[in-house]
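# Structural characterization, general
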Amino acid sequence: MIAAASPFDALAATYDEDFTRTDLGRRLRSAVWRHLDATFAPGARVLELGCGTGEDALHLASRGVRVVATDASGEMVAETVRKAGAANLSHLVEARRVPFEELDAAGPSLGTFDGAFSNFGALNCAAALPPVAEALGRLLPSGAPLLLVVMGRWVPWEWAFYLRRGDGARAFRRLRRDGTVWRGLTVRYPSPGRLLRTFSPWFLRRRLAALGVFLPPSYAASSVSPSTLARLDRWERRIESAPLLPRLADHTLFVLERR
Ligand SMILES: C[S@@+](CC[C@H](N)C(=O)[O-])C[C@H]1O[C@@H](n2cnc3c(N)ncnc32)[C@H](O)[C@@H]1O
């Protein structure tokens, strides 16, 4: 069967240049890595959903974590394979084209895992979250950690940025009941409460953290000077888990645990 093209295929070649290697991209990812490193020990076998160009898989592999990195985009998977080879980490990173929607069916062929994660809004692209939560519930053993970084629903930064430009539709696009359409793909923005309820039959909530509550969303990063970005990053990291902040961020990081 020929795999359907993904709208992310066209972004694979430039994704790292456009996001990963930017000042903001590095700051956000290193904040996520602190949580990933505290969660997954060397020797663990971990499933990644929506791996993109494999930046997180490579980071974990460089610490001795084995990662099965999955994505719906064949081009993103190819980029992950290429980067793992270039970094001599192919023995620790297995990249496979598995859309969320096929996770349950692929499950038995994926093997067993000590935990799973998904970074930077991949899950916002899922056609529906409950089947993903259920599939992960089946794949992970009791006590296994699940770390999710999901685009938030209420983002004051975004409201202020677009309202100042007179663009009310964009300012509040995340609140649309049916999500927003990007390159033919529907992107949904569940509230943190809704996401937690969706996963709660299988997963316990451990921690939440804000990513991009003081730091701007990526499209607004050029409106902030590098020194201000550094200062916002310092403040944000100090209080990233303070009450309410994770609920008002561009991305929310959820640390869950399989019941
Ligand atoms: C914004 S990128 C994030 C990539 C990566 N996690 C990172 O941290 O840079 C979103 C990723 O989700 C993937 N994705 C979108 N829809 C998906 C689906 N239905 N199943 C699996 N992956 C999907 C895209 O191909 C893309 O690589």
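In this report, we go over the structure that sits alongside the text. What you are looking at is a predicted structure, and each value in this text was computed from that prediction instead of being measured.

Time to look at the pairing of strand E1 (residues 45-49). Extensive coverage of E1 is indicated by the burial of five of its five residues. Of the two faces of E1, both are covered, the one formed by Arg45, Leu47 and Leu49 as well as the one formed by Val46 and Glu48. Here five bridges tie E1 to strand E2 (residues 66-71), and the two strands are oriented parallel to one another. Note on E2: the bridge partner recorded for Leu47 is Val68. Regarding topology, helix H3 (residues 55-62) serves as the crossover connection from E1 to the parallel E2, and that connection is right-handed. Sheet topology places E1 next to strand E4 (residues 115-118); three bridges connect them, and they run parallel. Bridged to Val46 within E4 is Gly115.

Attention now goes to the packing of helix H2 (residues 23-39) against H3. Relative placement of two packed helices is described by the angle separating their axes and the distance separating the axes. Viewed as axis vectors pointing N to C, H2 and H3 meet at an angle of 45°, and their least axial separation amounts to 11 Å. Here H3 runs oblique to H2, going by the angle between their axes. Our pair here, H2 against H3, has a crossing hand that is right-handed. For the pair H2 and H3, the contacting residues are Arg29, Trp33, Leu36 and Asp37 in the first and Glu55, Asp56, His59 and Leu60 in the second. Across the contact of H2 with H3, the residue classes break down as three nonpolar, one polar and four charged.

Tallied over the entire structure, the rule returns nine aromatic pairs. Taking the centre distance of 4.9 Å and the plane angle of 45° together, the rings of Phe8 and Trp182 count as tilted. Taken together, the residues Phe8 in the segment before helix H1 (15-20) and Trp182 in strand E6 (residues 180-182) connect sequence positions 174 residues apart. Looking at Phe8, the relative accessible area reads 26%, which means it is partly exposed. By relative accessible area, Trp182 is classed as partly exposed at 30%. Note on Phe40 and Phe117: the rings are 6.1 Å apart at their centroids and 45° apart in plane angle, and the pair reads as tilted. Of this pair, Phe40 sits in the loop between H2 and E1 while Phe117 sits in strand E4; the two residues are 77 residues apart in sequence, bridging distant segments of the chain. Residues Phe40 and Phe117 agree in their burial class; the two are buried.

What follows deals with the sheet that holds E2. In sheet architecture, strand pairing relies on hydrogen bonds along the backbone and comes in two forms, parallel and antiparallel. Across the sheet, which stays open at both edges, the seven strands sit in the order E3-E2-E1-E4-E5-E9-E8 with mixed pairing between neighbours. Strands at the two margins of the open sheet, each flanked by one partner only, are strand E3 (93-97) and strand E8 (203-211). Across the sheet, the mean angle from the axis of one strand to that of its neighbour is 20°, orientation sign disregarded. Here helix H6 (residues 129-139) sits on the sheet and contacts E1, E4, strand E5 (145-151), E8 and strand E9 (251-258); the angle it forms with E1, its principal contact strand, is near 170°.

Right, let's talk about the layout of surface pockets for a bit. Put simply, the second largest pocket is a space of about 350 Å³. Sorting the residues of the lining of the second largest pocket by element identifies H6 and helix H9 (192-199) as the ones contributing at least two each. In terms of residue class, the lining of the second largest pocket is built from eight nonpolar, four polar and five charged.

Definitions and limits used
The residue numbering used here restarts from 1 in each chain and proceeds along that chain's sequence as written. pLDDT decides what is reported in this predicted model: residues at 70 or higher carry local features, side-chain atom pairs at 80 or more are listed and counted, and totals for whole chains, interfaces and linings draw on all residues regardless. No hydrogens and no water enter the side-chain calculation; it runs on all heavy atoms of the structure. Each residue is assigned to one of three classes by its accessible area relative to the maximum for its type, calculated with a 1.4 Å probe on protein chains only: buried under 20%, partly exposed between the two thresholds, exposed over 50%. A run of H or I in DSSP becomes a helix once it reaches four residues, and a run of E becomes a strand once it reaches two; helices and strands are each numbered from the N terminus. The pairing criterion is simple: DSSP has to find at least two bridges between the two strands. We call a crossover right-handed when, viewed with the strands running away from us, the connection from the first strand over the helix to the second turns clockwise. Every angle, taken between N-to-C directions, lies between 0 and 180 degrees, and every axis is a line fitted to C-alpha atoms, over only the stretch in contact when it is a helix. Orientation categories follow fixed angle ranges, with anything under 35 degrees roughly parallel, anything over 145 roughly antiparallel, 65 to 115 roughly perpendicular, and all other angles oblique. Crossing handedness is defined as follows: a turn of the near helix away from the far one that is anticlockwise and smaller than a right angle gives a left-handed crossing, while the clockwise case is right-handed. In this analysis, two residues are considered to be in contact whenever any of their non-hydrogen atoms come within 4.5 Å of each other. By the convention adopted, Pro, Cys, Tyr, Trp, Phe, Met, Ile, Leu, Val and Ala count as nonpolar, Lys, Arg, Asp and Glu as charged, and the other residues, Gly among them, as polar. Paired rings are identified among Phe, Tyr and Trp, the last through its six-membered ring, by centres lying within 6.5 Å, and are further divided according to the angle between planes into stacked (under 30 degrees), edge-to-face (over 60) and tilted (the rest). Grid spacing is 1 Å over the protein atoms alone, the probe is 1.4 Å, and a cavity is where that probe fits but cannot get out, while a pocket is an open set with protein on both sides within 12 Å along at least five of seven lines and lining residues have an atom within 4 Å of a point. Grid points are joined across faces, edges and corners, and a volume is the space filled by probe spheres set on the points.

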